Amino acid sequence: GVLALSLTSAVVASPANANVSTWSLDNAEHVHCLTSNGILDSTAEVYSCNGSSNQTWHWGNFVGNYGQIVNGDGQCLGIAGGSRSAGATAVVWRCGGQSSQYWQIQTDPLIISEHYFANLNSQMVIQIACDCGTGHAAVDQKPFNSNLDPDQLWFFLS
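What you see is a predicted model, and the numbers here were worked out from it, not measured in a lab.

Colleague: Could you clarify how one ought to interpret the state of the cysteines in this entry?
Modeller: In protein chemistry, a disulfide is the covalent bond that joins the sulfur atoms of two cysteines. Per the stated rule, a full pass over the model turns up three disulfides. There is a disulfide in this structure between Cys130 and Cys132, and the S-S distance comes to 1.7 Å. Residues Cys130 and Cys132 are joined through a disulfide that is left-handed, its torsion about the S-S bond being -60°. Residue Cys130 is classed as partly exposed on the basis of its relative accessible area, which comes to 39%. Assigning the bonded cysteines of the chain consecutive numbers by sequence position, one obtains the connectivity 1-2, 3-4, 5-6.

Colleague: Would you mind showing me how to read the nonpolar core here?
Modeller: Most often, soluble globular proteins keep nonpolar side chains buried together rather than apart. Judged by nonpolar contacts, the single largest core of 20 residues is most densely connected at Leu34, Leu77 and Trp154. Sorting the residues of this core by element identifies strand S8 (75–79), strand S9 (90–94), strand S12 (125–128) and strand S13 (137–142) as the ones contributing at least two each.

Colleague: What is the right way to look at the confidence of the model for the chain in this model?
Modeller: Segments scoring low in pLDDT should not have their predicted coordinates read at a detailed level. The predicted model of the chain has a mean per-residue pLDDT of 86, with 88% of residues at 70 or higher. Across residues 1–18, confidence stays below pLDDT 50; counting only partners more than four residues off in sequence or on other chains, it has 36 contacts.

Definitions and limits used
- Residues numbered from 1 in each chain as written.
- Predicted model: local features only at pLDDT ≥ 70, side-chain atom pairs only at ≥ 80, totals over all residues.
- Heavy atoms only, no water.
- Disulfide = S-S within 2.5 Å.
- Buried < 20%, exposed > 50% of the residue type's maximum accessible area, 1.4 Å probe, protein only.
- Core = buried A, V, L, I, M, F, W, Y, C linked by side-chain atoms within 4.5 Å.
- Helix = DSSP H or I, 4+ residues; strand = E, 2+ residues; numbered from the N terminus.
- pLDDT = per-residue confidence, 0-100.
- Contact = heavy atoms within 4.5 Å.

Right under this line is the structure:
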């Protein structure tokens with residue numbers, strides 16, 4: 001299947017002083033970037049891409065093929081309450097060992113520049129919740145839509 005689960009028991013930490021590659025995650029349809037809106041411990045949203053630290057992301061710790069997505073403010077993308085329910089809100093908060101803070105990047109074979117991000121805990125992918133191009137639109141999780149749902153597709157901006 002598209003959302004295959006592959007785990008190992010080891011957690012690999014990123015070296016503290018490593019040259020970390022950073023990027024923004026831009027939604028494929030609405031041209032808005034994933035953000036915490038500069039608020040600590042908040043709901044993940046999309047907003048006009050501006051390169052701020054809350055829109056700048058990098059890979060953190062890994063468990064197998066799943067990694068933490070960490071913003072420039074040092075917070076991890078996760079799912080509220082570790083929910084496994086469709087429609088659960090994506091949040092940004094202090095990085096920990098919760099499986100709901102680990103993501104696997106998946107590339108659609110038809111559109112190799114756009115990606116899905118599957119949550120380790122729920123096996124669902126993040127998307128813009130409202131199917132709209134509005135700034136401050138919430139991000140949530142839904143089952144993978146094999147019909148190339150653009151709300152679920154993201155690309156890297158460097």
